[in-house]
Amino acid sequence: MADHLEASVTLPSDPASVAAARAHVAGALAEWGLPPDAELCDTVRLIVSELATNAVQHTLGQSPTFTVDVVLVRDERVHIGVTDSHPRFPKRLPAAVQQDNGRGLVIIRWLTAECGGRLRIRPTREGGKTVAVELPWPGAATDRPAETVIAAAGRKSPDAP
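Residues numbered from 1 in each chain as written. Predicted model: local features only at pLDDT ≥ 70, side-chain atom pairs only at ≥ 80, totals over all residues. Heavy atoms only, no water.

A. Fine view of the environment of H79. Relative to the assigned elements, H79 resides in strand β3 (residues 77-84). Not counting the four nearest positions on each side in its chain, H79 is found in contact with D69, V70, V71, V73, V133 and E134. Of the polar contacts made by the side chain of H79, one reaches the side chain of E134; its length is 3.5 Å. (Helix = DSSP H or I, 4+ residues; strand = E, 2+ residues; numbered from the N terminus. Contact = heavy atoms within 4.5 Å. Polar contact = N/O pair within 3.5 Å; in protein donor to acceptor, adjacent residues only side chain to side chain.)

B. How the structure looks around the sheet that holds strand β1 (residues 4-12). Read across the sheet, five strands follow the order β1-β2-β3-β5-β4 without closing on themselves; strand pairing throughout is antiparallel. Both outer strands of the open sheet, β1 and β4 (118-123), are each paired with one neighbouring strand and no more. Strand-to-strand twist across the sheet, computed as the mean angle between neighbouring axes with direction ignored, equals 15°. The sheet contact formed by β3 and strand β5 (residues 129-136) spans eight bridges and is antiparallel. By the bridge assignment for β5, H79 is matched with E134. (Pairing = 2+ DSSP bridges. Axes fitted to C-alpha atoms, helices over the stretch in contact; angles between N-to-C directions.)

C. Molecular detail of helix α1 (residues 16-31). Between the first and last C-alpha of α1 there are 23 Å, a value that for 16 residues agrees with the 22 Å anticipated at 1.5 Å per step. Of all the residues in α1, the buried ones are S17, V18, A21, V25, A26, A28 and L29. On its buried side, α1 packs onto β1, α2 (39-57), β2 (65-73) and β3. (Expected span 1.5 Å × (residues − 1). Buried < 20%, exposed > 50% of the residue type's maximum accessible area, 1.4 Å probe, protein only.)

This is the structure we're talking about:
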């Protein structure tokens, strides 16, 4: 396989675009050889759903579109990024049991840590932000054991909200 594969799509900030984002990423993963029933595929679909939903719901109409990028690097890591043009970074909200929303980033952090990956949020040159997740590709050797990553997930890093 190639050293670097990319797929990108820009969608309108509309609830219907969440399903399109999920389908786009699942299609790219399948094209790159990941079976649709693979655990990583399910994880990535859920992460993309949460990130795309956040891009639609929390930009308050200030980002007419959002972009979903997926990159496979040397059959070792898959990067998933969702970029919007809203300048406000996501905030960690207390997710009470009765709350219907506010747990998206908590879910993403947990899934990312569980897979041995990492989450980053960074500003764009245009004044928006990209929420990016990096996960190991199935069969790739990981640098550190999952216990280390999961323990680190509880610590607040400088680039985490």
